[in-house]
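Spelled out, the chains give:
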Amino acid sequence: MSISNTCRRLLILLAIAAIPCAALDPYRTIAQYIHQQWTAQQGFPGGAVNALAESEGYLWIGAEKGLVRFDGVHFVLYNHANTPKLPDGPVLGLNTDSQGGLWIRLATPGLVRYHDGRFSVMLPDAPLENGVTAMGRGRDGDVLLARAGDPLRYHNGSLQPLGATFGGINRLVISIAETSDGTTWMGTRDAGLFAVRDGHELVPTGLPDRKVNCLAAGNGSELWAGTDRGLAHWNGKTLTHDGVPVRLRDVQVLALTRDRKSNIWAGTAAGLMRVSPDGRSIAERRDGEPVSAVFEDREGSLWVGDGSGIQQFRDSVFFIDASSGGDGPIYTDDAGRNWLGPSSGGLVWAAGGKSGHIPRAGIELDVVYSIDGGPGELWIGRQRGGLTRLHAGEGHVSAETYTSKQRLARGSIYAVRRTRDGTVWAGSLGGGVSRIRDGRITTFTTADGLPSNTVTAIEKTADGTLWFATPDGLCTLANGKWRVYTSQDGVPPGRINSLTADAEGVLWIGTNAGIAYIRSGRVEFPRSPPEPLVAEISGIAADRLGSLWIATSTQVLRVSRAWLLGAESTPGEIRAFGPDDGLASTEVVRRQRSVISDKAGRIWFALRDAVAVVDPARVVPDAPAVVRIQSVSADGTQMDTAAPLRIPAARHRIVFTFVGLSLSVPSRVRFRYRLDGFDSEWSHAAVSPEAVYTNLGPGTYRFRVVASNSAGIWNSGEAALAFDMTPALWQTWWFRLSGIAACVIAIVALNRFRLRQVTRRLNVRFEERLAERTRMAQDLHDTLLQGLMSASMQLHVAADGVPADLPARSQLDHVIELMRGVVEEGRNAVQGLRSSPVAVNDLEDALARLREEQAIPASTQFRVIVEGRSRALNPLVPDQIYCIGREALVNAFRHSGAETVEVELNYERSCLRLVVRDSGSGIDAAVLQSGREGHWGLIGMRERAERIGSRLKVWSRPAAGTEVELIVPGHIAFPARHSHKDQHD
């Protein structure tokens, strides 16, 4: 190693050794702050900055060109062009009240307050000579307003007199503040500093200059005053320079603020300076650019305004030394020395501000692969030189090297582990693992059961078990026997890069394919591991707070140990660190000890281009992100969210735009949202700050969104917006009801039209059939029946000429009787073909006269019952009904032997119903089904019923009587012209 490289390494180690007293000091220098700047080139639209404040999660900037709002990514400029209540001109001052309102002091006498998206003009009637000249924040969140002769306090939503008149002397107050003891301080342009408490005025002396530009309340009654000639400190009794650094005693101080760590930040004409609580001053930015505004936000970031824009100084999580280039394994010994094996070669140390390198045993010419040690000794695994033991004696360092000559496995030792009993295990690249105990070396190879002769990591758990990582699996050695864990046992496939045992005895395994752990002899995986934990794991270290620090191939992670072991998910269970946290590189050198935990609990990372160290106790969660819904658009049209939101259902694409306000690292903010009334669950975490919904139906909805901050912690509060989707004309209930009614009316009308058509056809058919039957009856009467009657008359004449005692006479009488029957049957047939001689309205009378025609015995009870109002019937219908009823009655009278025969004629709205029932012997089931052979009564009744579109039912049981029911539909039985009227009878 060259002298220049050695000196550079010594400087690196000096920096590392100084970390406990400087880098991990709560009051660090600007070198440990992450710095960002926004000027016009980065989109800042305001020009010179006069004031800074935070309200509703946004950073507000009072600038030369107006009021600027910043969400960490985007700037929005408010001026008179887009906000009429803001006059043109610069914004000189900003402050916030206890309700979260933002107070805006303008160059004109006007004063404006912003709250819940609305600007309100305060003091609208104030005269020009009585405008507000300064603003400050009171101890209870009140806003203090200084104006000539009449200072005010904004308290509980109202402006109240401050009660300070300065004895009636008109002084131009340009700064105002209140200390925690209730004293109100006012700095003037040319009359110095004044204080008022309980109505009493105090005029302290000892200011370096009579112009007081800014004031900042300190602890208790402390006050810091910035003048044109330096910073003054009120210690509760007097103004003094005690505690004021020399650098701030003769410089123009333009802005002051006190942060949460009690540092006083001063914006001066020479740059930004800081006064620590112990009185030390640190020049954080000495570029000659005046700093006109200083402000600390709720996340602890410091914001600085100057003539060109704003800057952010954010506390870095890591202390980084990027000057070393590539680095190697790290080790911290019991004496507090930090040891580093740079990848370029050699071994260096640093402790207590001192450093050195080890020139012995050729180490300075070799590459160190691994470092471990114990009390008073250090074991060094080397690339070519085997294993070297360094022993620190009194005033000297001795070195002893083991190589293959001493029966060491091989000269290239990649992993070294010293156990508490002094045994040293050295894993080689290709030669197995060697054990050094009491000066004796024993080597184990695949012949002894080792799965591979290359050992990449060695670890010992709390139960005393030794673990060896190889490219072909993980193994243990116990009682002289090897036990191998492979992918079949659950070990992730591929190379094992690191092994780490935590305080609970769990062995954590980092491989090229992710992370696993062994607990109680079983290989297990984290439940539902995130994507970074199924990639290459380069190193693992456990801290004292229950977390694992894991270096992957692309990032550094802090993961909750309990969560990896299966506990319920908790906020911040996993957090990724990268350049936003001060890491210039996240690629860790592949060494056994590239990620370690030292005796102080700090975690060290040997990065490819730097060395990084973090104190887990100082990694505090960021403040929750503030989420806000910024806009809603429907088909590209912006909707007014201030009023009750109603969106027409004809709009097909609804877009919600929102923002998660975390000013520290806005790029890490994630969102989850849900639309009540549409979504059944929350969406997955997403980076995009908008949600799109299409084709929402009419109804009431509520859109909700939550956000996570840069640490992955989700805020408990949510932004919500309720809105209504108003239905289109065809979606209204009355339109749909009208449509249903119209359909019903159309169906009814169509049915009525169809019934009328059917009735008309039936009437035509009835009339045609009636005319045809009348013609047939006439033909039969005029031909056949007349012929028979003539023949009968001639036969009567012939019979009268034959004596009665002759045998021929009896034969002629018999023929005459037969002729009489034929004529009678012919007359009945002709009568049947013609329309019924019974009027349609006399159907019940015709059925009643059948008793006389059939000569029913007097013992048989017979009655006709009429239900409903009698109605006119269509032509031919009465004939068919009468014939069916007559046949049923004749059967009852002649064949049933019934004691009771009853006819029921029912005129219903929808039909005509005829029922004939008797109490006779009944009809056999076979006869009822198919009729009696040679008889056509039942068959004829059914045929007649079918011809007129009616339904005939016959119920009968032997010895139980018979019931015949005929149902004629109304549109067949009754004329159409009477249907409407009859339905209302």
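Look above for the structure.
Q: Help me out: how do you make sense of the overall build of the protein chain in this one?
A: Secondary structure summary: the protein chain contains 11 helices and 69 strands in total. The 985 residues of the protein chain split such that 48% are buried. A fraction of 52% describes how many contacts in the protein chain between residues 6 or more apart in sequence connect residues 24 or more apart. Counting only carbon and sulfur atoms, one obtains 50% of the accessible surface of the protein chain, whose full area is about 45,900 Å².

Q: So what exactly am I meant to see when it comes to the side chain of threonine 500 here?
A: Note that threonine 500 resides in strand S46 (residues 496–501). Among the residues examined, threonine 500 registers a relative accessible area of 9% and is labelled buried. Residues within four places of threonine 500 in sequence aside, it is in contact with Glu459, Val506, Leu507, Trp508, Ile540, Ala541 and Ala542.

Q: What should I look at first to understand the pattern of salt bridges in this one?
A: Taken as a whole, this structure holds 31 salt bridges when the rule is applied. Where arginine 389 meets glutamate 377, a salt bridge forms, and the shortest distance between an N and an O atom there is 2.8 Å. One end of the pair, arginine 389, is in strand S36 (residues 387–392); the other, glutamate 377, is in strand S35 (residues 377–382), with 12 residues separating them in the sequence. With relative accessibility at 22%, the residue arginine 389 sits in the partly exposed group. Note that arginine 417 is salt-bridged to glutamate 459, the shortest N-O span being 2.9 Å. Linking arginine 417 in strand S38 (residues 413–418) with glutamate 459 in strand S42 (residues 457–460), this pair joins segments that are 42 residues apart in sequence. An identical accessibility class is assigned to arginine 417 and glutamate 459; each is buried. Where salt bridges share partners, they join Arg863, Glu902, Glu904, Arg913, Arg917, Glu963 and Glu965 into one cluster.

Q: Help me understand the sheet that holds strand S21 (residues 239–240), please; the structure alone is not making it clear to me.
A: Two modes of strand pairing occur in sheets, parallel and antiparallel, and in both the strands are linked by backbone hydrogen bonds. Pairing in this open sheet of four strands is antiparallel, and the strands run S18-S19-S20-S21 from one edge to the other. If you trace the sheet from one side to the other, it starts and ends with strand S18 (212–217) and S21, each paired once. Of the strand pairs in this sheet, S18 and strand S19 (residues 223–227) are connected by five bridges, and their pairing is antiparallel. If you follow alanine 217 over to S19, its bridge partner there is leucine 223.

Q: What should I look at first to understand the environment of leucine 159 in this one?
A: Along the polypeptide, leucine 159 turns up in strand S13 (residues 158–161). The exposure class of leucine 159 is partly exposed, given its relative accessible area of 30%. Expressed as a C-alpha distance, the spacing of leucine 159 and aspartate 142, which sit 17 residues apart in the sequence, is 9.9 Å. Sequence-distant contacts of leucine 159, defined by excluding residues within four places in its chain, comprise Trp103, Leu123, Leu145, Leu152, Arg153 and Tyr154.

Q: Sorry, what's going on with the pairing of S18 here?
A: When a strand is regular, its side chains alternate between the sheet's two faces. Burial analysis of S18 places five of its six residues in the buried class, which makes it a mostly covered element. From the end of S18 to the start of S19, which pair antiparallel, there are five residues, and glycine 220 there has a positive phi angle of about 60 degrees.

Q: Which parts of the structure should I look at to understand helix H9 (residues 937–947)?
A: The periodicity of an α-helix, 3.6 residues per turn, causes residues three or four places apart in sequence to face the same way. Residues of H9 that are buried include every one of Gly937, Leu938, Met941 and Ala945, and no others. Angular distribution of buried residues about the axis of H9 spans 100 degrees; they occupy a single face of the element. Positive phi shows up at glycine 949, right after H9, with a value of about 65 degrees.

Q: Would you mind going over the packing of helix H7 (residues 877–896) against H9 with me for this structure?
A: A pair of packed helices can be characterised by two numbers: the angle between their axes and the separation between those axes. Packing of H7 against H9 brings their axes to within 10 Å, and their N-to-C directions diverge by 160 degrees. The angle between H7 and H9 places the two elements in the roughly antiparallel class. The two elements H7 and H9 cross, and the hand of that crossing is left-handed. Together, Gln880, Cys883, Ile884, Glu887 and Ala888 of H7 and Gly937, Met941, Arg944, Ala945 and Arg947 of H9 make up the contact between the two elements. For the contact of H7 with H9, a count of residues per class yields five nonpolar, two polar and three charged.

Q: Just checking my understanding: could you explain the packing of aromatic side chains for this structure?
A: Aromatic rings in a pair are described by how distant their centres are and how their planes are angled relative to each other. Enumeration over the complete set of coordinates arrives at 37 aromatic pairs. Seen from their ring centres, phenylalanine 318 and phenylalanine 577 are 5.5 Å apart, and the 85 degrees between their planes marks the pair as edge-to-face. Taken together, the residues span a long stretch of sequence, with phenylalanine 318 in the loop between strand S28 (310–315) and strand S29 (319–321) and phenylalanine 577 in strand S53 (residues 574–577) at a distance of 259 residues. Pair check on accessibility: phenylalanine 318 and phenylalanine 577 agree, each one buried. Ring plane angle 35 degrees and centroid distance 6.0 Å describe the contact between tyrosine 673 and phenylalanine 703, whose orientation is recorded as tilted. Taken together, the residues span a long stretch of sequence, with tyrosine 673 in strand S61 (residues 670–676) and phenylalanine 703 in strand S63 (residues 699–708) at a distance of 30 residues. The exposure class assigned to phenylalanine 703 is buried, which follows from its relative accessible area of 0%.

Q: What should I look at first to understand the layout of surface pockets in this one?
A: To locate leftover empty space, one rolls a probe as large as a water molecule over the atoms. By volume, the second largest pocket amounts to about 1,300 Å³. As for the second largest pocket, its lining consists of 46 residues, and the residues nearest its centre are Arg417, Glu459, Ala501, Arg593 and Ser597. Only strand S30 (330–332), strand S34 (368–374), S38, S42, S46, strand S50 (537–542), strand S51 (547–552) and strand S54 (595–597) provide two or more residues apiece to the lining of the second largest pocket. Broken down by element, the residue count for the lining of the second largest pocket peaks at five residues, all from S50. In terms of residue class, the lining of the second largest pocket is made up of 14 nonpolar, 15 polar and 17 charged.

Q: Explain a nonpolar patch on the surface to me, please; I cannot follow it from the model alone.
A: A contiguous nonpolar patch, built from Trp733, Trp734, Phe735 and Leu737 and spanning about 490 Å² of accessible area, is present on the exposed surface. Assignment of secondary structure puts leucine 737 in helix H3 (residues 733–800).

Q: It is not clear to me how the side chain of glutamate 54 should be interpreted in this structure. Could you clarify?
A: By the secondary structure assignment, glutamate 54 is in strand S2 (residues 49–55). For glutamate 54, a relative accessible area of 15% gives the class buried. At a separation of 2.9 Å, a polar atom in the side chain of glutamate 54 contacts the main-chain amide nitrogen of arginine 298. Residues contacting glutamate 54, with those up to four places away along its chain left out, are Trp60, Thr96, Phe295, Asp297, Arg298 and Leu663.

Q: Whenever I open this one, the sheet that holds strand S5 (residues 75–78) confuses me. Can you help?
A: Ordered by their spatial adjacency, four strands build an open sheet running S2-S3-S4-S5, and the pairing between neighbours is antiparallel. Looking at which strands have only one partner, the edges of the open sheet turn out to be S2 and S5. Strand after strand, the sheet turns through a mean of 25 degrees between neighbouring axes, direction not considered. Sheet topology note: the strand S4 (residues 66–70)/S5 ladder contains four bridges and is antiparallel. Bridging across to S5, phenylalanine 70 finds its partner in phenylalanine 75.

Q: Looking at this structure, I do not really get the nonpolar core. What am I missing?
A: Nonpolar side chains in soluble globular proteins generally cluster together in the buried interior. Judged by nonpolar contacts, the single largest core of 38 residues is most densely connected at Ile881, Leu889 and Leu912. By residue number, the principal contributor to this core is H7, which donates eight residues. In this structure isoleucine 881 touches Leu843, Leu873, Leu912, Leu914, Leu966 and Val968, once residues within four positions along its chain are discounted. Membership of the second largest hydrophobic core comes to 24 residues, among which are Ala634, Phe656, Ala719 and Phe723.

Q: Help me out: how do you make sense of unusual backbone geometry in this one?
A: Most peptide bonds take the trans form, and the phi angle of most residues other than glycine is negative. The backbone of glutamate 56 shows a phi angle near 60 degrees, a positive value even though the residue is not glycine. Of note, glutamate 56 is situated in the loop between S2 and strand S3 (58–63). With a phi close to 70 degrees, arginine 407 is a non-glycine residue in the positive phi region. With respect to the helices and strands, arginine 407 occurs in the loop between strand S37 (397–402) and S38. Residue class for arginine 407 comes out exposed when judged on its relative accessible area of 65%.

Q: Looking at this model, I keep getting lost on the environment of isoleucine 550. Mind explaining?
A: Summarising the element assignment, isoleucine 550 is placed in strand S51. Among the residues examined, isoleucine 550 registers a relative accessible area of 0% and is labelled buried. Each residue touching isoleucine 550, except ones within four places of it in the same chain, is listed here: Ile515, Leu533, Ile537, Gly539, Ile540, Gln555, Val556, Leu557 and Val559.

Parameters and conventions
Residues numbered from 1 in each chain as written. Predicted model: local features only at pLDDT ≥ 70, side-chain atom pairs only at ≥ 80, totals over all residues. Heavy atoms only, no water. Helix = DSSP H or I, 4+ residues; strand = E, 2+ residues; numbered from the N terminus. Buried < 20%, exposed > 50% of the residue type's maximum accessible area, 1.4 Å probe, protein only. Contact = heavy atoms within 4.5 Å. Areas by Shrake-Rupley, 256 points an atom, 1.4 Å probe, with all protein chains shown as cover. Salt bridge = Lys/Arg side-chain N within 4 Å of Asp/Glu carboxyl O. Pairing = 2+ DSSP bridges. Arc of directions from axis to C-beta. Axes fitted to C-alpha atoms, helices over the stretch in contact; angles between N-to-C directions. Parallel < 35°, antiparallel > 145°, perpendicular 65-115°, else oblique. Left-handed = near helix turned anticlockwise from the far one by under 90°. Nonpolar A, V, L, I, M, F, W, Y, C, P; charged D, E, K, R; others polar. Phe/Tyr/Trp six-rings, centres within 6.5 Å; stacked < 30°, edge-to-face > 60°. 1 Å grid on protein atoms, 1.4 Å probe; cavity = no way out; pocket = protein on both sides within 12 Å on 5 of 7 lines; lining within 4 Å. Points joined across faces, edges and corners; volume = space filled by probe spheres on them. Patch = residues over 30% accessible without salt bridge, like charges linked within 9 Å, V, L, I, M, F, W, Y side chains within 5 Å. Polar contact = N/O pair within 3.5 Å; in protein donor to acceptor, adjacent residues only side chain to side chain. Core = buried A, V, L, I, M, F, W, Y, C linked by side-chain atoms within 4.5 Å.

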